[in-house]
Amino acid sequence: MSTLFPNYSRWSLQIDSGSGSKVVDDAGKSYLDFTSGIGVCNLGHVHPAVTAAVEKQLNKVWHTSNLFQSALQEETASLLVGPTHLKKVFFCNSGAEANEAAIKLARKFTGKSKIITFEQSFHGRTYGAMAATGQEKIKKGFGPMLEDFHSIPFNDSNALAKHADPQTAAVMLEVVQGEGGVIPGSEAFLQKVQQLCKKNSILLIIDEVQTGIGRTGKPFAFQHYGLEPDIVTAAKGLGNGFPVGAVIGTEEVSEAFGPGSHGTTFGGNPLAMAAAKAVLKEVFSPSFLDEVIEKGQLLREELKKELHPYEDILEIRGLGLMAGIECRYKIAPLIQELQNDGLLALPAGEYVLRLLPPLNMSKEEVAEGVKKISRAVKKQSILV
Ligand SMILES: Cc1ncc(COP(=O)(O)O)c(C=O)c1O
């Protein structure tokens, strides 16, 4: 009998240790990890540079509060904005918290409250982030939502043109919808979003909690399309497992968060900053990112080659090392079969198998994972 709230449906296995792209369960069985802890351990498990940075900080000081100057926050913020057009950072502790702050910032900066979001989107579980999320199942049972969020169809420029008016404070989107089923925004749609935002003085908020920090082969996914968001949120991969989130904004919008307007006790904590700084030094190197693009292409090409004989595989899609395999059948048994064969993979809804391997996984490990997926799909095709 568990003493924990029953809000997660957990798999039966328990991970005891991890190193690079491999984890070992408490029975000693080894798994190739295509989850990275839902897109968190982008540098693999117990990465030496991140571990060393956190260990060093552990022996220096753990927590001071945001009443003090922080060179570590400044350095980490500089690395985070370095490859972008953005200038300012607010550190917090999670993706939902970053989105919550982004929503507040957009409302305060514009003086307006209407925010357009998209069906199938996911922005987190706090009250504002939940209201922004375009999935009824996430909101069910929680009573009236925070008003003035409008979820419209994703990749539908006409729907957006109808809703995006000068009364709108912000459009908020994921460049590739992650939890919603690994659904990439189309180039034409994303350009239309940017154009309508500019035309109507609407802020563009891009939620890069899952797609950011190198996951798609650019520092942030919006950079594949030359977009110029006013506000970007990040978390997950930023600390490689150490909880940390960030709101990244233009200088202009950042000024709406004057002293006393917003805050958090733990945000920018020295341990989290030490982890994030070490992560950014590795992940934002152009040669590292080029390899992510190469491995992402390899992953999708190999999957297409191996899985094309199976008519229950409807689509293989994604960007960089974020891949989705849409199936005609429910994928829970497939995930179980993969675990039996020593591969960890994720669901994105009931019908999409989601792959978020560590970004520094070797090409051989990518190929090994694809072989395991191919074996499991073959077994599944006989069963269904
Ligand atoms: C795109 C996106 N935004 C926000 C969140 C929420 O992040 P957190 O769970 O850190 O609050 C997630 C988590 O899956 C996410 O994928």
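Computed from a prediction, not measured in an experiment: that's the story for all the values here.

(A) Summary view of the site of the ligand. Neighbouring the ligand are 13 residues; Gly 95, Ala 96, Asp 207, Gln 210 and Lys 236 lie closest to it. Taking Gly 95, its main chain carries an N or O atom lying 2.8 Å from an oxygen atom of the ligand. Take Gln 210: an N or O atom from its side chain is 2.8 Å from an oxygen atom of the ligand. The fraction of the free accessible surface of the ligand (390 Å²) that becomes covered by protein chains is 81%. Among the elements that line the shell around the ligand, the one with the most residues is helix H4 (residues 95–110), at three residues. In the shell around the ligand, the residues fall into three nonpolar, six polar and four charged.

(B) Region of interest: the sheet that holds strand S11 (residues 231–234). The mixed open sheet is built from seven strands, whose spatial order is S4-S12-S11-S10-S7-S5-S6. Two strands bound the open sheet, and with one partner strand each, they are strand S4 (88–92) and strand S6 (149–152). Averaged over all pairs of adjacent strands, the angle between their axes in this sheet comes to 20°, without regard to strand direction. Bridge count for strand S5 (residues 114–118) against S6 is four bridges, and the pairing is parallel. Of the residues in S6, the one forming a bridge with Thr 117 is Ser 151. Across the sheet, helix H3 (residues 71–81) touches S4 and strand S12 (245–249), and the angle it forms with S4 is around 120°.

(C) Structural context of the pairing of S12. The buried fraction of S12 amounts to five of the five residues, a majority that puts the element mostly inside the structure. Here S12 shows two buried faces, one formed by Gly 245, Val 247 and Gly 249 and the other by Ala 246 and Ile 248. Where S4 meets S12, five bridges bridge the pair, whose relative direction is antiparallel. Counted as the bridge partner of Cys 92 is Gly 245 from S12. By the bridge criterion, four bridges tie S11 to S12 in an arrangement that is antiparallel. Following the sheet pairing, Ile 231 is matched in S12 by Gly 249.

(D) Structural detail: the packing of helix H2 (residues 48–58) against helix H10 (residues 270–283). Axis separation between H2 and H10 bottoms out at 8 Å; the angle between their running directions is 155°. Here H10 runs roughly antiparallel to H2, going by the angle between their axes. Once H2 is placed against H10, the crossing between them reads as right-handed. Seen from H2, the contacting residues are Ala 49, Val 50, Ala 53, Val 54, Gln 57 and Leu 58; seen from H10, they are Pro 270, Leu 271, Ala 274, Ala 275, Ala 278, Val 279 and Glu 282. Of the residues that constitute the contact of H2 with H10, the class distribution is eleven nonpolar, one polar and one charged.

About the criteria used
- Residues numbered from 1 in each chain as written.
- Predicted model: local features only at pLDDT ≥ 70, side-chain atom pairs only at ≥ 80, totals over all residues.
- Heavy atoms only, no water.
- Near = heavy atom within 4 Å.
- Polar contact = N/O pair within 3.5 Å; in protein donor to acceptor, adjacent residues only side chain to side chain.
- Areas by Shrake-Rupley, 256 points an atom, 1.4 Å probe, with all protein chains shown as cover.
- Helix = DSSP H or I, 4+ residues; strand = E, 2+ residues; numbered from the N terminus.
- Nonpolar A, V, L, I, M, F, W, Y, C, P; charged D, E, K, R; others polar.
- Pairing = 2+ DSSP bridges.
- Axes fitted to C-alpha atoms, helices over the stretch in contact; angles between N-to-C directions.
- Contact = heavy atoms within 4.5 Å.
- Buried < 20%, exposed > 50% of the residue type's maximum accessible area, 1.4 Å probe, protein only.
- Parallel < 35°, antiparallel > 145°, perpendicular 65-115°, else oblique.
- Left-handed = near helix turned anticlockwise from the far one by under 90°.

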